[in-house]
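# Commentary on secondary and tertiary structure
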Amino acid sequence: MSLHDDAVLVLKSYGEGADAAQEELRREYLDHLATHPDGMWKACGAGHLTASALVIDPERGRVLLTLHRKLQMWLQMGGHCEPGDATLAGAALREATEESGIAGLTLVTGGPVTLDRHPIPAPCNWHLDVQYAALAPSGSTERISDESLDLRWFAYDEIAGVADSSVVRLVERTRAVLDSAR
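Figured I'd write up the structure that's included with this text. (Residues numbered from 1 in each chain as written. Predicted model: local features only at pLDDT ≥ 70, side-chain atom pairs only at ≥ 80, totals over all residues. Heavy atoms only, no water.)

With that out of the way, let us pick up the layout of surface pockets. In this structure, the largest pocket occupies an estimated 930 Å³ of space. Lining the largest pocket are 35 residues, with H68, L71, H80, I120 and H127 sitting closest to its centre. For the lining of the largest pocket, the leading source of residues is strand 4 (residues 77-80), giving four residues. Looking at the lining of the largest pocket residue by residue, the class counts come to ten nonpolar, 13 polar and twelve charged. Size it by volume and the second largest pocket reaches roughly 430 Å³. Considering the residues around the second largest pocket, the lining is formed by 26 residues, among which Y14, Q22, V113, T114 and R173 are closest to the centre. Counting only elements with at least two residues in the lining of the second largest pocket, the list comes to helix 1 (3-13), helix 2 (20-35), strand 6 (114-119) and helix 5 (165-180). (1 Å grid on protein atoms, 1.4 Å probe; cavity = no way out; pocket = protein on both sides within 12 Å on 5 of 7 lines; lining within 4 Å. Points joined across faces, edges and corners; volume = space filled by probe spheres on them. Helix = DSSP H or I, 4+ residues; strand = E, 2+ residues; numbered from the N terminus. Nonpolar A, V, L, I, M, F, W, Y, C, P; charged D, E, K, R; others polar.)

Following this line, the structure appears as structure tokens:
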């Protein structure tokens, strides 16, 4: 199965109980993939899917964010899919591991936590981000990568003061998913 096929399956099954905005994004993502066979790759000028993961430490009530080198914003770990990625979930986990430097991350079960579509500079126009959550092992230590200016743990209640609304939504949705799993 190709990464494109995996993304279609993930998106078809995403969103049980999702709100109208998430359902609309899900349909947009599926339409994009249906009309763009290259829609998983950075070279797709109409936009492309990306995979990200919020690294979370629920024991301490905090999340790890990266100060993105190009955007100069605090964001979750994530980025472009690569030819070696077999699944969207695998791409998100790879990106989170590379950017956080934390070994042994595990994705929260149940698939993506949320979807976020945001504009990016030309030549491409859009990132269609599929956002997962990754649990940090107890006692893990982060290590900054070349893609980040900084890495920092933030308490849940600090997120709104340092990150944009998409990260705030991702944290809220992740916490809701974790609470419902208890």
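This part is about the pattern of salt bridges. Summed over the entire model, instances satisfying the criterion amount to ten salt bridges. Here D85 makes a salt bridge to R94, at a shortest N to O gap of 2.8 Å. The network of salt bridges with shared partners includes E82, D85, R94, E95 and E98. (Salt bridge = Lys/Arg side-chain N within 4 Å of Asp/Glu carboxyl O.)

Turning next to the packing of aromatic side chains. One pass over the structure, following the stated rule, counts one aromatic pair. The side chain of R117 reaches across the aromatic face of W126, ending 3.7 Å from its centre. (Phe/Tyr/Trp six-rings, centres within 6.5 Å; stacked < 30°, edge-to-face > 60°. Lys NZ or Arg CZ within 6 Å of the ring centre and 35° of its normal.)

Along the chain, D6 falls in helix 1. Buried within the structure, D6 lacks any salt-bridge partner; R94 is the closest side chain of opposite charge, at an N-O distance of 12 Å. Aside from chain neighbours lying at most four places away, what touches D6 is M1, A86, T87 and L88. (Buried < 20%, exposed > 50% of the residue type's maximum accessible area, 1.4 Å probe, protein only. Lys, Arg positive; Asp, Glu negative; His and termini not counted. Contact = heavy atoms within 4.5 Å.)

For helix 5, spanning 16 residues, the distance from its first C-alpha to its last is 22 Å, which sits close to the expected 22 Å at 1.5 Å a residue. S166, V167, V168, L170, V171, T174, V177 and L178 are the residues of helix 5 that are buried. At its buried positions, helix 5 is contacted by strand 1 (48-57), strand 2 (62-68), strand 3 (74-75), strand 6, strand 7 (126-135) and helix 4 (159-162). (Expected span 1.5 Å × (residues − 1).)

This part covers helix 3 (residues 88-100). Over its 13 residues, helix 3 runs 18 Å from end to end, which matches the ideal 18 Å to within 8%, given 1.5 Å per residue. Buried residues of helix 3: L88, A91, A92, R94, E95, A96, E99 and S100, and no others. Along its buried surface, helix 3 packs onto helix 1, strand 1, strand 2, strand 4, strand 7 and strand 8 (148-155). Among the residues trailing helix 3, G101 stands out with phi positive, at a value near 75°.

Secondary-structure assignment places G47 in the loop between helix 2 and strand 1. Taking C-alpha positions, G47 is 9.6 Å from R117, a pair spaced 70 residues apart along the chain. Non-local contacts of G47, meaning those with residues more than four positions away in its chain, are made with H32, G39, C124 and W126.

As a further point, take the pairing of strand 2. Extensive coverage of strand 2 is indicated by the burial of six of its seven residues. Where strand 1 folds back on strand 2, the antiparallel hairpin that results is connected by four residues, among which G61 adopts a positive phi of roughly 65°. Examined bridge by bridge, strand 2 and strand 8 share seven bridges and lie antiparallel to one another. Pairing of H68 across the sheet is with S148, part of strand 8. By the bridge criterion, two bridges tie strand 2 to strand 3 in an arrangement that is antiparallel. The partner of L67 across the bridge, within strand 3, is W74. Between strand 2 and the antiparallel strand that follows it, strand 3, lie five residues; Q72 among them carries a positive phi value of about 55°. (Pairing = 2+ DSSP bridges.)

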